[in-house]
Amino acid sequence: MGNAYYENLIKTVINNSFAKTWEEAVKEWEIIDCEEDEECASQCVCGKENIKYLYLIHNTKTDKHLFPIGSTCINKFGRDDLNEEIKIKEGLFKLMHAILDGKRIELTSEYFSRKLLYALYEGGAFTDNQFNQFNAHNDYLFLLECFNKRDKSTITNRKSKKINSLIAYSIKPYLVRTLKLKKK
């Protein structure tokens, strides 16, 4: 990011914050939402063009919002919690595209992480039904257990079928329902 973009970012964030220093101002912001611009036709609040992921951030002290702000600018905040949230949100879009493109999705780090699985669970991807003893948490724990296996060849055929079923009938509809609407 060039100096002019970085200076624009600092000025914009401080002008919309209670704190008057960059180091303090960045602590006031949280990510509210993320949209995807597949054409990369959007411009960040810093002035940088061609951004793909459009974040909406909220200042908890001034109640102001900034939109769109790109992940590169949010990374400049230097906050691990925001950087993790970016990974999860962009990972969800990546997973949705892979599923919609008909790619073979396996429960590996190519598309999943422990935090992404938890975000799916927290977001409501899994629902109570007869296959999880009417407790959606069981589906999350099942996927987490399988994801954590170092040797994936030890996953039985029955468990593989359940994984594929959860991806096709729980995760895919959830992603389409929640992310497809967030495309610009």
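Residues numbered from 1 in each chain as written. Predicted model: local features only at pLDDT ≥ 70, side-chain atom pairs only at ≥ 80, totals over all residues. Heavy atoms only, no water.

Novice: Break down the side chain of Glu36 for me, with residues and values.
Specialist: Mapped onto the elements of the fold, Glu36 is located in strand β1 (residues 29–36). The exposure class assigned to Glu36 is buried, which follows from its relative accessible area of 0%. (Helix = DSSP H or I, 4+ residues; strand = E, 2+ residues; numbered from the N terminus. Buried < 20%, exposed > 50% of the residue type's maximum accessible area, 1.4 Å probe, protein only.)

Novice: Describe the packing of helix α5 (residues 114–123) against helix α6 (residues 136–148), with residues and values.
Specialist: Where α5 contacts α6, the two axes come as close as 10 Å, and the packing angle between them is 170°. As the angle between them shows, α5 and α6 are arranged roughly antiparallel. Between α5 and α6 lies a crossing whose hand is right-handed. Mapping the contact onto sequence places Arg114, Leu117, Tyr118 and Tyr121 in α5 and Ala136, His137, Tyr140, Leu143, Leu144, Phe147 and Asn148 in α6. For the contact of α5 with α6, the per-class residue count stands at eight nonpolar, two polar and one charged. (Axes fitted to C-alpha atoms, helices over the stretch in contact; angles between N-to-C directions. Parallel < 35°, antiparallel > 145°, perpendicular 65-115°, else oblique. Left-handed = near helix turned anticlockwise from the far one by under 90°. Contact = heavy atoms within 4.5 Å. Nonpolar A, V, L, I, M, F, W, Y, C, P; charged D, E, K, R; others polar.)

Novice: Report on the packing of aromatic side chains, specifying residues and quantitative values.
Specialist: Considering all chains together, one arrives at six aromatic pairs under this definition. Considering the side-chain rings of Tyr6 and Trp22, the 6.1 Å spacing of their centres and the 75° angle between planes classify their relative orientation as edge-to-face. Residue Tyr6 is located in helix α1 (residues 3–15), and its partner Trp22 is located in helix α2 (residues 22–25); the two are separated by 16 residues in the primary sequence. Arranged with centres 5.3 Å apart and planes meeting at 80°, the rings of Trp22 and Phe77 form a pair that is edge-to-face. Here Trp22, found in helix α2, pairs with Phe77, found in the loop between α3 (71–75) and α4 (80–100); they are 55 residues apart in sequence, far enough to count as distant. (Phe/Tyr/Trp six-rings, centres within 6.5 Å; stacked < 30°, edge-to-face > 60°.)

Novice: Any details on the nonpolar core? Residues and values, ideally.
Specialist: Counting residues in hydrophobic clusters, the biggest one holds 55 residues, and the most contacted among them are Phe77, Phe112, Leu120, Ile171 and Leu175. Top contributing element to this core by residue count: α4, with nine residues. (Core = buried A, V, L, I, M, F, W, Y, C linked by side-chain atoms within 4.5 Å.)

Novice: Talk me through unusual backbone geometry; I want residue IDs and the actual numbers.
Specialist: With an omega of -10°, the peptide bond running from Phe67 to Pro68 counts as cis. Turning to its location among the elements, Pro68 is positioned in strand β5 (residues 65–69). Even without glycine at this site, Asp63 takes up a positive phi of about 65°. Tracing the chain through its elements places Asp63 in the loop between β4 (53–59) and β5. Even without glycine at this site, Phe134 takes up a positive phi of about 55°. Note that Phe134 resides in the loop between α5 and α6.

Novice: Give me the lowdown on the pairing of β4, citing residues and values where you can.
Specialist: By the criterion of burial, β4 is predominantly enclosed, with six of the seven residues buried. Here β1 pairs with β4 via seven bridges, running antiparallel. From the neighbouring strand, Glu36 faces β4, where its bridge partner is Tyr53. Bridge count for β4 against β5 is three bridges, and the pairing is antiparallel. Note that in β5 the partner of Tyr55 across the bridge is Ile69. As consecutive antiparallel partners, β4 and β5 are separated by five residues, and within that stretch Asp63 has a phi angle of approximately 65°, a positive value. (Pairing = 2+ DSSP bridges.)

Novice: Describe the pattern of salt bridges, listing the residues and the values that go with them.
Specialist: Taken as a whole, this structure holds seven salt bridges when the rule is applied. The closest approach of N and O atoms between Glu36 and Lys52, which form a salt bridge, is 3.9 Å. Of the two residues, Glu36 sits in strand β1 while Lys52 sits in the loop between β3 (49–51) and β4, which places them 16 residues apart along the sequence. You can call Lys52 partly exposed: its relative accessible area is 34%. A salt bridge links Glu106 to Arg104, with the shortest nitrogen-to-oxygen separation between them at 3.1 Å. The exposed category is assigned to Arg104, whose relative accessible area is 64%. Each of Glu84, Lys87 and Lys115 takes part in salt bridges that share partners, so that together they form one network. (Salt bridge = Lys/Arg side-chain N within 4 Å of Asp/Glu carboxyl O.)

It is worth stressing that arrangement in space is one thing and function is another; only the former is reported here.
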